[in-house]
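# Descriptive structure summary
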Number of protein chains: 2
Amino acid sequence: MINSKQVFSSGPMGNHEFWMRKALKLAEKGRGWTSPNPVVGAVLVKDETEISSGYHKKYGEPHAEVIAISNAGEKAQGATLYVNLEPCCIHGKTPPCTEAIIKAGIKKVIIGTIDPNPMVNGKGIETLREHGIEVLTGVLEEECRKINRGFFKYITTGLPWITLKLALTVDGFIADVSGNSKWISSRVSRNYVKRRRQNFDSIMVGIGTVMKDNPKLLPLEKSGYIPYRIVIDELLNIPINHNLVSDEYRNRTIIITCNTKKAEKIKHLTNRGVRVLQSASTEFGWVDIKAALKDLAEIGITSIFCEGGSQIAGSLIDKQLIDELEIFYSPKIIGKGINAFSGFYKTIEHPINIKWNHIEQSDEDIHLIGELSSCSPD
Amino acid sequence: MINSKQVFSSGPMGNHEFWMRKALKLAEKGRGWTSPNPVVGAVLVKDETEISSGYHKKYGEPHAEVIAISNAGEKAQGATLYVNLEPCCIHGKTPPCTEAIIKAGIKKVIIGTIDPNPMVNGKGIETLREHGIEVLTGVLEEECRKINRGFFKYITTGLPWITLKLALTVDGFIADVSGNSKWISSRVSRNYVKRRRQNFDSIMVGIGTVMKDNPKLLPLEKSGYIPYRIVIDELLNIPINHNLVSDEYRNRTIIITCNTKKAEKIKHLTNRGVRVLQSASTEFGWVDIKAALKDLAEIGITSIFCEGGSQIAGSLIDKQLIDELEIFYSPKIIGKGINAFSGFYKTIEHPINIKWNHIEQSDEDIHLIGELSSCSPD
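Please read these numbers as outputs of a predicted model, since none were measured by experiment.

### Re the overall build of chain A
Secondary structure summary: chain A contains 13 helices and 17 strands in total. Residues counted as buried form 55% of the 378 residues belonging to chain A. Surface accessibility of chain A: about 16600 Å² in total, with carbon and sulfur atoms responsible for 49%. Computed over 47 positive and 43 negative side-chain charges, the inter-centroid distance for chain A is 6 Å.

### Considering the sheet that holds strand β2 (residues 49-55) of chain A
Sheet strands line up and pair through hydrogen bonds in the backbone, either parallel or antiparallel. Residue and element names in this part refer to chain A. The sheet built from five strands is open, its strands ordered β2-β1-β3-β4-β5 with mixed pairing. Unpaired on one side and paired on the other, β2 and β5 (134-137) mark the two borders of the sheet. Neighbour-to-neighbour, the strand axes of this sheet turn through a mean angle of 20°, independent of strand direction. Pairing of strand β4 (residues 108-113) with β5, which is carried by four bridges, proceeds in the parallel orientation. The partner of K108 across the bridge, within β5, is E134. Along the sheet face, helix α5 (residues 123-130) touches β4 and β5 and points at about 150° away from the line of β5.

### Section: the environment of A:R145
Residue and element names in this part refer to chain A. Its location among the elements puts R145 in helix α6 (residues 141-147). Look at R145 and you get partly exposed, because its relative accessible area is 41%. Sequence separation between R145 and R187 is 42 residues, and the spatial gap between their C-alpha atoms is 31 Å. Setting aside chain neighbours within four positions, we find R145 in contact with T113 and F152.

### So, the relation of the copies chain B and chain A
By a simple turn and slide, chain B fits onto chain A: the slide is 0.0 Å along the axis, the RMSD is 0.1 Å, and the turn is 180°. Each copy turns onto its partner about a two-fold axis. Of every C-alpha in chain B, the one belonging to B:G172 sits nearest the axis of rotation, 2.0 Å from it. Here 100% of the interface residues in chain B have copies in chain A that are interface residues too; the copies meet face to matching face.

### Quick word on the interface of chain B and chain A
How large an interface is tends to be reported as the accessible area lost when its parts come together. The interface of chain B with chain A comprises 48 residues on the first partner and 48 residues on the second. Regarding the contact of chain B and chain A, the summed buried area is about 3900 Å², with carbon and sulfur atoms giving 62% of it. Joining chain B to chain A, the criterion identifies 12 residue pairs in polar contact (both at pLDDT 80 or more). For the side of chain B that touches chain A, the elements supplying multiple residues, two or more each, are α8 (187-197), β13 (324-329), β14 (332-333), β16 (352-362) and β17 (365-373) of chain B. Take the side of chain B that touches chain A: its biggest share by element is six residues, from β16(B).

### Some words on the confidence of the model for chain A
Caution applies to low-pLDDT parts of the model: their predicted coordinates are not meant to be read in detail. Residue and element names in this part refer to chain A. With 95% of its residues at a pLDDT of at least 70, chain A reaches an overall mean of 92. This stretch, residues 1-10, has a pLDDT under 50; its non-local contacts, to residues over four places away or in other chains, come to 11 contacts. For this predicted complex, the interface score ipTM comes out at 0.89, alongside a pTM of 0.90.

### Digging into the domain arrangement of chain A
All names here are of chain A. Domain parsing of chain A yields domain 1 (13-151) and domain 2 (158-372). The C-alpha-based centres of domain 1 and domain 2 are spaced at 34 Å. Contacts between the two partners involve eight residues from domain 1 and, on the opposite side, 11 residues from domain 2. Roughly 820 Å² is buried in total at the junction of domain 1 and domain 2, and carbon and sulfur atoms are behind 58% of that figure. Looking at the side of domain 1 facing domain 2, the largest losses of area belong to R31, R149 and G150, adding up to 51% of the total buried there. Inspection of the region where domain 1 meets domain 2 yields one salt bridge. As a salt-bridge pair, R149 and E324 come within 3.0 Å of each other at their nearest N and O atoms. At the junction of domain 1 and domain 2, the tally comes to three residue pairs in polar contact (both at pLDDT 80 or more).

### A short note on the packing of helix α4 (residues 97-104) of chain B against helix α5 (residues 123-130) of chain B
A pair of packed helices can be characterised by two numbers: the angle between their axes and the separation between those axes. Residue and element names in this part refer to chain B. It is the contact of α4 with α5, at a shortest axis distance of 10 Å, that shows an interaxial angle of 20°. In terms of orientation, α4 and α5 fall into the roughly parallel class. Here α4 and α5 pass one another in a crossing that is right-handed. Along its contact with α4, which presents T98, I101 and I102, the element α5 presents G124, T127 and L128. Among the residues forming the contact of α4 with α5, the class breakdown is three nonpolar, three polar and no charged.

### With respect to the nonpolar core
As a rule of thumb, nonpolar side chains are buried together in soluble globular proteins. A:L166, A:L296, B:L166 and B:L296 are the most contacted members of the largest nonpolar core, which totals 80 residues. Those residues in contact with A:L166, other than ones at most four positions away along the chain, are A:I174, A:A313, A:L325, A:E326, A:I327, A:F328, A:A340 and A:F341.

### Focus: the packing of aromatic side chains
Following the criterion strictly, the structure yields 15 aromatic pairs over all chains and no others. Considering the side-chain rings of B:F18 and B:W19, the 4.9 Å spacing of their centres and the 75° angle between planes classify their relative orientation as edge-to-face. One exposure class covers both B:F18 and B:W19, and it is buried. Each ring, one from B:Y192 and one from B:F328, has its centre 5.8 Å from the other, and the planes form 65°; the classification is edge-to-face. Taken as a pair, B:Y192 in helix α8 and B:F328 in strand β13 lie far apart in primary sequence, 136 residues in all. Overall, B:Y192 belongs to the partly exposed group, its relative accessible area being 25%. Three or more aromatic residues joined by ring pairs form one cluster here, namely A:F18, A:W19 and A:Y82. For B:R252, the ring lying beneath its charged end belongs to B:Y228, and the centroid distance is 3.9 Å.

### Some details on the packing of helix α3 (residues 64-72) of chain A against helix α4 (residues 97-104) of chain A
All names here are of chain A. Two numbers describe how α3 lies on α4: the axes approach to 9 Å, and their chain directions differ by 25°. With respect to α4, the axis of α3 lies roughly parallel. Along this stretch, α3 crosses α4, giving a crossing that reads as left-handed. Only C97, A100, I101 and A104 of α4 make contact with α3, whose side of the interface consists of E65, V66 and I69.

### Comments concerning the pattern of salt bridges
Taken as a whole and judged by the stated rule, the model has 22 salt bridges over all chains. Ionic pairing is found between A:K346 and A:D318, a salt bridge with its closest N-O pair at 3.8 Å. You can see A:K346 sitting in the loop between β15 (338-339) and β16 (352-362) and its partner A:D318 sitting in helix α13 (residues 310-318), a full 28 residues away along the chain. Its relative accessible area of 25% is what places A:K346 among the partly exposed residues. As a salt-bridge pair, B:R196 and B:E324 come within 3.1 Å of each other at their nearest N and O atoms. With B:R196 in helix α8 and B:E324 in strand β13, this residue pair connects regions lying 128 residues apart in the sequence. You can call B:R196 buried: its relative accessible area is 11%. Using a relative accessible area of 8% as the deciding quantity, one classes B:E324 as buried.

How each quantity is defined
Residues numbered from 1 in each chain as written. Chains lettered and ligands numbered in written order. Predicted model: local features only at pLDDT ≥ 70, side-chain atom pairs only at ≥ 80, totals over all residues. Heavy atoms only, no water. Helix = DSSP H or I, 4+ residues; strand = E, 2+ residues; numbered from the N terminus. Buried < 20%, exposed > 50% of the residue type's maximum accessible area, 1.4 Å probe, protein only. Areas by Shrake-Rupley, 256 points an atom, 1.4 Å probe, with all protein chains shown as cover. Lys, Arg positive; Asp, Glu negative; His and termini not counted. Charge placed at Lys NZ, Arg CZ, Asp CG, Glu CD. Pairing = 2+ DSSP bridges. Axes fitted to C-alpha atoms, helices over the stretch in contact; angles between N-to-C directions. Contact = heavy atoms within 4.5 Å. Least-squares fit on C-alpha atoms with pLDDT ≥ 70 in both. Buried area = accessible area lost by both parts, 1.4 Å probe. Polar contact = N/O pair within 3.5 Å; in protein donor to acceptor, adjacent residues only side chain to side chain. pLDDT = per-residue confidence, 0-100. Domains from an automatic or database assignment. Salt bridge = Lys/Arg side-chain N within 4 Å of Asp/Glu carboxyl O. Parallel < 35°, antiparallel > 145°, perpendicular 65-115°, else oblique. Left-handed = near helix turned anticlockwise from the far one by under 90°. Nonpolar A, V, L, I, M, F, W, Y, C, P; charged D, E, K, R; others polar. Core = buried A, V, L, I, M, F, W, Y, C linked by side-chain atoms within 4.5 Å. Phe/Tyr/Trp six-rings, centres within 6.5 Å; stacked < 30°, edge-to-face > 60°. Lys NZ or Arg CZ within 6 Å of the ring centre and 35° of its normal.

Below you can see the structure in the form of structure tokens.
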């Protein structure tokens, strides 16, 4: 537990970090609902006491700063505002936050990180300073970047953040020779994965996985936000009675296909509420994965949790499109089976390198999280 | 650092554990040289002061207890003897240790663990007690068992202890599509493996690995004990100019074959000092691995560090002949390559289960040590 007095006495940034942590915690409450906007939390403080707070609840609704100011009423005058992301200075779905801050008579604004959105990117800070407001940036900057890493990648590259999750046997297989993968990882790991889904705008799988397992791809808690469920389905083969296109969340399903000939099926799916995206294809007739990711970003998907199978995993890894690799090694040996990746091979001298950032045990499994690395082997 | 005073005050077993640790440390100095005997260290203590010590230096030479007693001279009278393994009561290459203990007038014997050798197995303790010597057993029993686990398995089953070591890519390959495996794991991991070799009577590989890499399979420190280098070579294909049969340590090489037709080659290799063992074959003409292990135990090999390739690894795993599995996962992805195991496959429901006992980072690699487990999947 963080003791506020201890934090206050821990250095000149101590109290700033304490309030910024509070803003981050608030921001997290909007996870999933705000996309393609970032998650943002704001706290108004006066004489080391909180007078109000707010967070961005949903895309299209008021921003965190505006809610905090509105909750404070006249008390906002002369207060300090803590916010994890630079306040916007643009007219979007809502008026610019800088305007509200200036109007409320806020004295000081403490910011976690600047907004990399080219339309903001320091201009919010500039506007505030021009109006005589003291601005400090970079408080808990790393945490503030991390909480919106999907949005950051999306806004700067036009592509969603991608975490690729794999459950592997000791010998590197995602399924046995009969294609069965139930269950490679432990119940604890599987529940962890279901909770992880809630941190992403969408879950992605290939049609092979859908045909084999008829998955639901839902988060552990169905009461909250339901991420989009994306299926890469070149030939639009998904059976119309499968869970993803027939369950109560079917309006949270996106099918990406390059088959334009099944107009009737597309119409049928669309009428049900399923979204069908026509994507560019490669010379071999597969979905052009990079083009598909751009299409997804365009409809507001800022982050994807990809759960395989081996063809999509292979494409994403081979084209270096993933931002994070998450692996569960189950303590099982099966000798032969389906490899984690298909569609490419590398040599030992020139492999795709990973840098692990997180290693722990998850029940009997080994849980690793890493990123692609450009280091060459020794 | 262990502070003896702290240990003394840590409970009734405190001082016993302190001296037993010293005996274990001494025992370790004989590692490799004593096989097929166990490693044993002994300390003689009087009035909480060490008066002498000893360890079993080499097979055929005096046992630890006898050396300690001889070093103590008349001071041994009335002393307490600490020894990690029950003193022997049999006439082997040397007279029984119990005799020397009784003759020296030792008052008390503190033992780590009883000797599972059916010819001893409590009889040493019995003999000592019959002569009025106080005997306490089970001090640091786990450590004392562990230090001689190879010997324990060998003496109770007639098979050597086997540790299987694999260096794998993230996606479970031991080599790329061209068969190259240099180098999957980091320099730090490779040096660790070279040091590990010194803890075993022998290193084992298949002829495939020898043909591909022409390895030396030497420990990091060449000044000390050199483990035997065992090659499973069904057809006796090893080229006579390869390192293992031509270098200065060739008298530490054992070739296991089921080819009886190459009498000239066998003679040539034998004349050089290489040992050629004719082994039983399976119906497919492969070396019968279990029969080969029994043959190796018969010539005094109590432990094997197996370094692949996939065929031997597959046989050992499939026949559940390994006692320990040691894996280095290198942070490299190659997509396709040579699988860790060949010759068998299992289903996800009925895999071979592993229980990890040790997980750590080794430079950029993940280093795991485990054992076969009989738990069923969840």
